[in-house]
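# Residue-level structure breakdown
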Amino acid sequence: MVYLIGAGPGDAGLLTVKAREILELADVVIYDRLAEEKILSYAVNAEKIYVGKTSGSHTLTQTEINNLLVEKGRAEKIVVRLKGGDPFVFGRGGEEALALRENGVDFEIIPGVTSAIAVPAYAGIPVTHRGIATSFAVVTGHEKTADSTIRWDKISTAADTLIFLMGVENLPKITEKLIENGRAETTPAAVIRNGTKFSQQVLVSTLGKIAGEVAEKKITPPAIFIVGDVVNLRENISWFERKILFGRKILVTRTRVQASKLTRQLENLGASVTEFPTIEIVNPTDGFKALDAAIKILHSFDWLIFTSANGVDKFFERLKTFKLDARALANAKVAAIGSATAEKLSAHGISADVVPTEFRAEGLVDALKNSVAGKKILLARAEVARDILPVELEKSGAEVTVAAAYKTVPAAETKLDADFDMVTFTSSSTVENFIAAVGVEILTKVKVAAIGPVTAQTLKNFGVKADVVAREFTIAGLVDAVKKFWSDADV
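Position numbers for residues start from 1 in each chain and track the written sequence from start to end. Totals for whole chains, interfaces and linings use all residues, but because this is a predicted model, local features are given only for residues with pLDDT of at least 70 and pairs of side-chain atoms are given and counted only at 80 or more. Note: side-chain values were computed over all heavy atoms of the structure, leaving out hydrogens and water.

Put simply, DSSP H or I for four residues or longer makes a helix, DSSP E for two residues or longer makes a strand, and each gets a number counted from the N terminus. Tallying secondary structure elements over the protein gives 18 helices and 22 strands in all. In terms of its C-alpha atoms, the protein occupies a principal-axis envelope of roughly 90 × 60 × 45 Å. Each residue's exposure class comes from its accessible area (1.4 Å probe, protein chains only) as a fraction of the maximum for that residue type: buried when under 20%, exposed when over 50%, partly exposed otherwise. Residues counted as buried form 49% of the 491 residues belonging to the protein. Expressed as a percentage of contacts within the protein between residues at least 6 apart in sequence, the contacts between residues at least 24 apart total 67%. Whether two residues are in contact is decided by their heavy atoms, any of which lying within 4.5 Å being enough.

Moving on to the nonpolar core. The nonpolar core is taken to be a set of buried Ala, Val, Leu, Ile, Met, Phe, Trp, Tyr and Cys residues, with the residues joined through side-chain atoms within 4.5 Å. Counting residues in hydrophobic clusters, the biggest one holds 25 residues, and the most contacted among them are Leu304, Phe315 and Leu329. At the level of elements, helix 11 (289-296), strand 16 (303-306), helix 12 (309-321), strand 17 (333-336), helix 13 (339-347), strand 18 (376-382) and strand 19 (399-410) are the ones that each hand at least two residues to this core. Ranked by residue count, the leading element in this core is helix 12, at 4 residues. Membership of the second largest hydrophobic core comes to 23 residues, among which are Ile155, Leu178, Phe225 and Val227.

Before going further, it helps to spend a moment on the packing of aromatic side chains. Two numbers describe a pair of aromatic rings. These are the distance of the centres and the angle of the planes. Aromatic rings from Phe, Tyr and Trp, taking only the six-membered ring of Trp, are treated as a pair when their centres fall within 6.5 Å; an angle between ring planes under 30 degrees marks them as stacked, one over 60 as edge-to-face, and anything in between as tilted. Scanning all chains against the criterion turns up 13 aromatic pairs. Both rings, one in Phe315 and one in Phe316, keep their centres 5.5 Å apart while their planes meet at 85 degrees; by these two values the pair is edge-to-face. As far as burial versus exposure is concerned, Phe315 and Phe316 are alike and both buried. Centroid distance Phe485 to Trp486: 5.1 Å. Interplanar angle 85 degrees. Geometry classified as edge-to-face. For Trp486, a relative accessible area of 9% gives the class buried.

Next up on the list: the sheet that holds strand 2 (residues 28-31). Strands qualify as paired when DSSP identifies two bridges or more between them. Sheet architecture is open: 5 strands sit in the order 3-2-6-1-7, paired in parallel fashion. Because the sheet does not close on itself, it has two edges, and the strands there are strand 3 (47-50) and strand 7 (107-110). Across the sheet, the mean angle separating the axes of adjacent strands is 20 degrees when strand polarity is ignored. One ladder, built from 4 bridges, connects strand 1 (residues 2-6) with strand 7; its direction is parallel. From the neighbouring strand, Leu4 faces strand 7, where its bridge partner is Ile109. Every angle, taken between N-to-C directions, lies between 0 and 180 degrees, and every axis is a line fitted to C-alpha atoms, over only the stretch in contact when it is a helix. Most of the contacts of helix 1 (residues 17-25) go to strand 7, to which it runs at about 140 degrees, and overall it touches strand 1, strand 2, strand 6 (79-83) and strand 7. Sitting on the sheet, helix 4 (residues 93-102) touches strand 1, strand 6 and strand 7, and the angle it makes with strand 1 is about 175 degrees.

A separate point is unusual backbone geometry. Between Pro221 and the following residue, Pro222, the backbone shows a cis peptide bond with an omega angle of 0 degrees. Structurally, Pro222 is set in the loop between helix 8 (210-216) and strand 12 (223-227). Backbone geometry at Arg92 places phi at a positive 60 degrees, although glycine is not the residue there. For Arg92, the position within the fold is in the loop between strand 6 and helix 4. For Phe288, which is not a glycine, the phi torsion comes out positive at approximately 70 degrees.

Where helix 14 (residues 361-368) meets helix 15 (residues 388-395), the closest approach of the two axes is 9 Å, and the angle between their N-to-C directions is 20 degrees. Classed by the angle they form, the pair helix 14 and helix 15 counts as roughly parallel. As for how helix 14 packs across helix 15, the hand of that crossing is right-handed. For the pair helix 14 and helix 15, contact is made by Ala361, Glu362, Leu364, Val365 and Leu368 and by Ile388, Leu389, Glu392 and Leu393, respectively. Note that the term roughly parallel is reserved for angles under 35 degrees, roughly antiparallel for angles over 145, roughly perpendicular for angles of 65 to 115, and oblique for everything else. In this scheme the handedness of a crossing depends on how the near helix is turned from the far one: anticlockwise by less than a right angle means left-handed, clockwise means right-handed.

This part takes up helix 17 (residues 453-461). It helps to recall that an α-helix has 3.6 residues per turn; residues three or four apart then point in one direction. Considered for burial, the residues of helix 17 that qualify are Thr455, Ala456, Thr458 and Leu459. Buried residues in helix 17, looked at end-on, bunch into an arc of 155 degrees, giving them a common side. Exposed side chains of helix 17 directed beyond 90 degrees from the buried face belong to Lys460 and Asn461. Following helix 17 by one or two positions, Gly463 has its phi on the positive side, about 85 degrees. As used here, the arc belongs to the directions running from the helix axis to the C-beta atoms.

Viewed as axis vectors pointing N to C, helix 11 and helix 12 meet at an angle of 60 degrees, and their least axial separation amounts to 10 Å. Handedness of the crossing formed by helix 11 with helix 12: right-handed. Across the interface between the two elements, Leu291, Asp292 and Ile295 from helix 11 touch Phe315, Arg318 and Leu319 from helix 12. When residues are sorted by character, Ala, Val, Leu, Ile, Met, Phe, Trp, Tyr, Cys and Pro go into the nonpolar class, Asp, Glu, Lys and Arg into the charged class, and all the rest, Gly among them, into the polar class. Residues that form the contact of helix 11 with helix 12 fall into these classes: 4 nonpolar, no polar and 2 charged.

Looking only at helix 13, the buried set comprises Thr341, Ala342 and Leu345. Mapping the buried residues of helix 13 onto a view down its axis gives an arc of 100 degrees, with all of them on the same face. Exposed positions of helix 13 whose direction lies more than 90 degrees from the buried face are Glu343, Ser346 and Ala347. Looking at the buried side of helix 13, the elements it contacts are strand 16, helix 12 and strand 17. Looking one or two places after helix 13, you find Gly349, whose phi comes out positive at around 90 degrees.

Let us now look at the pattern of salt bridges. Any carboxyl oxygen of Asp or Glu within 4 Å of a side-chain nitrogen of Lys or Arg constitutes a salt bridge here. The tally for this structure, following the rule as stated, stands at 22 salt bridges. Glu358 is the salt-bridge partner of Arg360, the closest N and O atoms lying 2.5 Å from each other. Its relative accessible area of 27% is what places Glu358 among the partly exposed residues. Of the charged contacts, one joins Arg360 and Glu362 as a salt bridge, the two residues approaching to 3.8 Å between their closest N and O atoms. If you follow the salt bridges from partner to partner, you end up with Asp32, Arg81, Lys83 and Glu96 in one network.

Now the structure itself:
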């Protein structure tokens, strides 16, 4: 089966649920220039073939693309033809569907959100509005006006709102034809480049002036051109570019699995986020020997202490290998270093008895030191961690067993080719591994955010002062601190 899928206008969040489901099953993905890397990442096990086109430069001709689809479709594979926007809105999806039908290859169409409507929406321009525009037309801007089949005498004034896709290079001729055929030079008009993306750029002008202004500002494709009185509504409806972090480029350093949570929250505030995994979570060096030994005598512990969400997950993974679950913790009280760790425990059916107000080892020591004398404690944590917790608890009279639940190691992928305004660090290990991978100099040229004072101190040890230190040592706390920093008008 070949699936002709619309990838949407750019924002990966606008991909349809059905499209993502098929991408996750795909054996082959044949994709265009406008397909986002994040969308392609859903096709984990697929062969990816680029067939993108730019003006004057085609990787493959349309006939060659059609032949490729037929070839792959006949190989009894799940084939995805991924196209920007919608396959049937100037996407040549109809031609590809006909080629598949003529060659006896089954296909299915999965529509996408078209840029014709989505891009103006992200710019705060509704294509219709009561009392202003009751009709709109979508027109290709790609045809050369000398041999154009567009009926300019009809289309120029037939619809209240005109939307031209792929029309930046032909903009002088398009505006000329519209004016020649009755559209007023003073009609509001806008060009929107990289619509729905964090690099979105909007130029508002009039039909008579916009071509010259686009040339002056050197606005290049991909962009759409919209003409009509609805453009004036942008002044009050614009929302995307008003997000607090819009236009800010932020580098997220974290484990591969955990980066997405921080990324989503920063993107929701308008930031353009690049993920740079600096550490991976792997099994401890002893292969869980110490942790397994502790689990076998779990009933003998009075307290279980967890210092990270990773530790919680790994602990419960080991429980399962012994055919045990949360009931095995019935005889012990449980402490979590912070709210994120407590939430992870809750997901496993455990309500933490103690969560300190200060989410670090010192806070946990203060919360426990008066109630652990003579008690046996199991501390499940990272293989390499600060010793303050076991040392101070033992000073309070506790018997502490430290068991490694996981180990952090440098991530294999350390390539960094994006410029950014800020880098975020969520642990000391992310600092150490980032600097080991790319050096410390880069941190002197950007703003730096740390999840808490311990991470900030690690940065200081390398000669880097954190511009932002979260008051609450969680992802949410870090996001709030970053938000507050960039909302300061003096920054």
